[in-house]
Amino acid sequence: MKILFKQYHLSLPITALLILLSEVLAVSFFYDSALLSQHSQTPLSVFLSELSLLIKWFVAFGVAFGITLLAHSETTHSKATIGTDDSITPHQWPIALGLNVIAYLCFLVLTESLFSNSTVETNALAIHLLSILSPTTNALLWFLCGTIVATTALLLAAPWRYWKQHLTQHRKALAVCTVIASFITLSSLASKQFWPAFIEPTFLVSTGLLMLVSNSIYIDSEHFDLGLSHFVVNVSPECSGLEGMGLALSFSCLYLYLFRKQLPFPKAFVLLPIAAVASWFLNACRIALLIMIGEWVSPEFAIGGFHSQAGWITFTALSLLIVFTFHKFMSVNATEIQEVQRSSEEDSELPLANALIIPFLAFLCISLLSGLDSRTVSFTYFLKVIGTGAALWYWWKTLQLTKPLGRLKAIGIGASVAILWVWMIPADAQYNLSFNTDLEEMGILWGSLWLISRVLGSILIAPLVEELMFRGYLLARLSRQPFGLNQPITATWTAIIISAVAFGAIHQHWIAGCLAGLAYGFVRHRGNVSSAILAHSVTNGLLCVYVLFTLNWTVL
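Every value quoted in this text rests on a predicted model; they were computed, and no experiment measured them.

Of the regular secondary structure elements, the protein chain holds 22 helices and three strands. When contacts within the protein chain are restricted to residue pairs at least 6 apart in sequence, those whose partners lie at least 24 apart make up 77%. Carbon and sulfur atoms form 69% of the exposed surface of the protein chain, whose accessible area is close to 29100 Å².

Relative to each other, helix 20 (residues 493-505) and helix 21 (residues 510-526) sit at 140 degrees, their axes nearing to 7 Å. Taken as axis vectors, helix 20 and helix 21 run oblique relative to one another. In terms of crossing hand, the pair formed by helix 20 and helix 21 is right-handed. When helix 20 is examined against helix 21, the residues Ile496, Ile497, Ala500, Val501, Phe503 and Gly504 are found in contact with a partner set consisting of Trp510, Gly513, Cys514, Ala516, Gly517, Leu518, Tyr520, Gly521 and His525. For the contact of helix 20 with helix 21, the per-class residue count stands at ten nonpolar, five polar and no charged.

In this structure the tally under the stated criterion is twelve aromatic pairs. When the ring of Phe203 is compared with that of Phe224, the centres are 5.5 Å apart and the planes differ by 75 degrees; the resulting orientation is edge-to-face. In this pair, Phe203 sits in helix 10 (residues 171-211) while Phe224 sits in the loop between strand 1 (218-220) and strand 2 (225-227), placing the two residues 21 residues apart along the sequence. According to the relative accessible area criterion, Phe203 is buried, its value standing at 2%. Put simply, the rings of Tyr381, Tyr431, Phe435, Trp450 and Trp553 pair up and form one aromatic cluster. Lying over the aromatic face of Phe503, Arg471 brings its terminal NZ or CZ to 4.6 Å of the ring centre.

Turning our eyes to something else, we now look at the packing of helix 19 (residues 443-478) against helix 21. It is at 11 Å that the axes of helix 19 and helix 21 come closest, and there the two elements cross at 60 degrees. Looking at the two axes, helix 19 sits oblique to helix 21. Classified by chirality, the crossing of helix 21 by helix 19 is right-handed. Along the contact surface, helix 19 presents Glu467, Arg471 and Leu475, while helix 21 presents Gly517, Tyr520, Gly521 and Arg524. Among the residues making up the contact of helix 19 with helix 21, the classes are represented as two nonpolar, two polar and three charged.

Another aspect to go through is the nonpolar core. One finds Leu356, Trp450 and Phe483 to be the most contacted residues of the largest nonpolar core, which totals 64 residues. For this core, the element with the most residues is helix 19, which contributes 13 residues. Counting residues in hydrophobic clusters, the runner-up holds 19 residues, among them Leu226, Val233, Ala288 and Phe306.

Turning to the sheet that holds strand 2, a few remarks are in order. The antiparallel open sheet is built from three strands, whose spatial order is 1-2-3. The outermost strands of the open sheet, each flanked by one partner alone, are strand 1 and strand 3 (232-234). Sheet twist, expressed as the mean angle between neighbouring strand axes with direction ignored, is 20 degrees. With three bridges connecting them, strand 2 and strand 3 associate as antiparallel partners. The partner of Gly227 across the bridge, within strand 3, is Val232.

Quick look at helix 9 (residues 160-169) now. Considered for burial, the residues of helix 9 that qualify are Tyr162, Trp163 and His166. One side of helix 9 holds all its buried residues, which, seen down the axis, span an arc of 90 degrees.

Let's shift gears to empty space enclosed by the protein. Over the atoms a probe the size of a water molecule is rolled, and this reveals where empty space is left. The tally for this structure, following the rule as stated, stands at two cavities of 30 Å³ or more. Looking at the lining of the second largest cavity, the elements with two or more residues in it are helix 19 and helix 22 (529-550). The leading source of residues in the lining of the second largest cavity is helix 19, at three residues. In terms of residue class, the lining of the second largest cavity is built from six nonpolar, no polar and one charged.

On the surface, Arg171, Lys172, Arg260 and Lys261 cluster together into a patch of positive charge. With respect to the secondary-structure elements, Arg260 resides in the loop between helix 11 (242-258) and helix 12 (271-296).

Here we take up the confidence of the model for the protein chain. With 74% of its residues at a pLDDT of at least 70, the protein chain reaches an overall mean of 76. No element of the protein chain has a lower mean pLDDT than helix 1 (residues 2-6), which averages 39, and none a higher one than helix 22, which averages 93. In the model, residues 34-40 has pLDDT below 50 throughout and makes 13 contacts with residues more than four positions away in sequence or in other chains.

Here we come to the environment of Ile95. Relative to the elements of secondary structure, Ile95 occurs in helix 6 (residues 92-114). Sequence-wise, Ile95 and Thr152 are 57 residues apart; in three dimensions their C-alpha atoms are separated by 9.3 Å.

This brings us to the pattern of salt bridges. Within the structure shown, the criterion is met by one salt bridge. Close ionic contact of Arg471 with Glu467 constitutes a salt bridge, the shortest N to O distance being 2.8 Å. Taken together, the residues span about one helical turn, with Arg471 and Glu467 both in helix 19 at a distance of four residues.

Time to look at unusual backbone geometry. For residues that are not glycine, phi is negative in most cases, and the peptide bond is trans in most cases. Look at Gln400: it is not a glycine, yet its phi comes out positive at around 55 degrees. Position of Gln400 relative to the elements: it lies in the loop between helix 16 (380-399) and helix 17 (407-424). The backbone phi angle of Leu551 is positive, close to 60 degrees, even though this residue is not glycine. You can see Leu551 is positioned in the segment after helix 22.

Our next topic: the side chain of Asp220. Locating Asp220 in the fold gives a position in strand 1. At 3.0 Å, the side chain of Asp220 and the side chain of His223 are in polar contact. If we ignore the near neighbours within four places in the chain, the residues touching Asp220 are Phe203 and Asp225.

This part is about the side chain of Arg286. Inspection of the secondary structure assignment puts Arg286 in helix 12. Beyond its immediate chain neighbours, meaning those up to four positions away, Arg286 contacts Phe306, His307, Ala310 and Gly311.

Together, Phe379, Leu445, Trp446, Leu449, Ile452, Leu456 and Leu460 make up an exposed nonpolar region whose accessible area comes to about 680 Å². Looking at the element boundaries, Leu449 is found in helix 19.

In this section: the environment of Ala173. If you trace the backbone, Ala173 turns up in helix 10. Overall, the relative accessible area of 7% leaves Ala173 in the buried class. A sequence separation of 105 residues divides Ala173 from Thr68, and the C-alpha atoms of the two residues are 6.9 Å apart. Not counting the four nearest positions on each side in its chain, Ala173 is found in contact with Phe65, Thr68 and Tyr257.

Calculation notes
Residues numbered from 1 in each chain as written. Predicted model: local features only at pLDDT ≥ 70, side-chain atom pairs only at ≥ 80, totals over all residues. Heavy atoms only, no water. Helix = DSSP H or I, 4+ residues; strand = E, 2+ residues; numbered from the N terminus. Contact = heavy atoms within 4.5 Å. Areas by Shrake-Rupley, 256 points an atom, 1.4 Å probe, with all protein chains shown as cover. Axes fitted to C-alpha atoms, helices over the stretch in contact; angles between N-to-C directions. Parallel < 35°, antiparallel > 145°, perpendicular 65-115°, else oblique. Left-handed = near helix turned anticlockwise from the far one by under 90°. Nonpolar A, V, L, I, M, F, W, Y, C, P; charged D, E, K, R; others polar. Phe/Tyr/Trp six-rings, centres within 6.5 Å; stacked < 30°, edge-to-face > 60°. Buried < 20%, exposed > 50% of the residue type's maximum accessible area, 1.4 Å probe, protein only. Lys NZ or Arg CZ within 6 Å of the ring centre and 35° of its normal. Core = buried A, V, L, I, M, F, W, Y, C linked by side-chain atoms within 4.5 Å. Pairing = 2+ DSSP bridges. Arc of directions from axis to C-beta. 1 Å grid on protein atoms, 1.4 Å probe; cavity = no way out; pocket = protein on both sides within 12 Å on 5 of 7 lines; lining within 4 Å. Points joined across faces, edges and corners; volume = space filled by probe spheres on them. Patch = residues over 30% accessible without salt bridge, like charges linked within 9 Å, V, L, I, M, F, W, Y side chains within 5 Å. Salt bridge = Lys/Arg side-chain N within 4 Å of Asp/Glu carboxyl O. Lys, Arg positive; Asp, Glu negative; His and termini not counted. Charge placed at Lys NZ, Arg CZ, Asp CG, Glu CD. pLDDT = per-residue confidence, 0-100. Polar contact = N/O pair within 3.5 Å; in protein donor to acceptor, adjacent residues only side chain to side chain.

Have a look at this one:
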């Protein structure tokens, strides 16, 4: 029994994650957290009604901790890999599963008492017993049961000693990431209170920027309306730039922590006010540029794509500028650092790392810029295919990929992911109608060329750049393994899950993306990178066939 159990060591953490995801999906499907605030106004109940804050905290923590792991991937080592003796034993797994089920049933009953919804049957006896307790006590019990559910899910994946080892090994990074995630969440909540105080200086700076390019400016200081002759916007409190300042400060704190040995302290703390002021000023520039685009280019483009994407573009640009500037001008021991850089450049893995990362960065940057166009079908997709294809062509010889291992298994898993993807993503009639309308407006020639480029991009470009990044680079780095693109990798299950979550994060349908990432991670673990690319290509190829027959563009 023990031997048979160990043969399926990889399935345990994946099964645990699937159990936890299914439990979360079941609760979120039947219950609405907003109903809690309608029934009770206790501080704890109101806090629980703002579950989006918890989600924001976990996302911020995960991103910060993932960056920390990557930054120290070459200097730290972990012995807990898939298939080691730290795997959970056969008699422990049923105990953890039983505790998980019991805690989840209690969690459902408590959820029914707090988030009551007519779409589910009410257990009258349980609700009567819970009605004796106060709403605050019920909320505390609900939170406790939810914690037990999450904890037992972790124990389903690996024993306590595994988690204790990693908590001890990364305790400093965990503490820093906890502070950063809390700061981001609290600043997002508190910024609403300070929006009115910051809206006036933001409005004045945007006005001054517009005065540099035009004399015909419309200004309503009382209602904060600003524009040019034919395009006017209202600078709402949300546009004050405070949330962007919070993100910039959080990123700067993480950067200072990661490179604390290279940066001179306390002089390096000057980065914090610089990042905050730069973020606020770039936000004012964004508002002025939005008005210029709406006046002189296209109102639809300004209100649609630019308004929704410009914030992330400016934050990304500011982050890159911070890293480049401070690394170049504020690093201590410049001679030693240059020697380290020269030795790194001589390392045989550096060109391969560039070949794995740079095509994906090109793909991501062009996708971000393409998002400025709010149309569902845009000529910018041609740019994405050509630009990313050029990056792949440039680095192709460095990759030296071989034929896929386990081709039949990769094809089968890829087909299974395609079926799961179609099943999980409901059709959006409005999006499909908009897509078909935009495609028809392009005409037969350009519409056909666009479809060809979309199919090629989905089957060839996207699988290559995404698998090279997530299963080629990220999975190896998180597992502290050499890249070894043409052979199986001894990956940690933690690395497979983290890389899958990162993969899901770049997709609109992130839960389906996470599950697909787990499947491709399993293929990579048993095969090579080409196997994962093949599975991904099969998935996208089948989705393209499905879309062309059904015109359900939502899934692609």
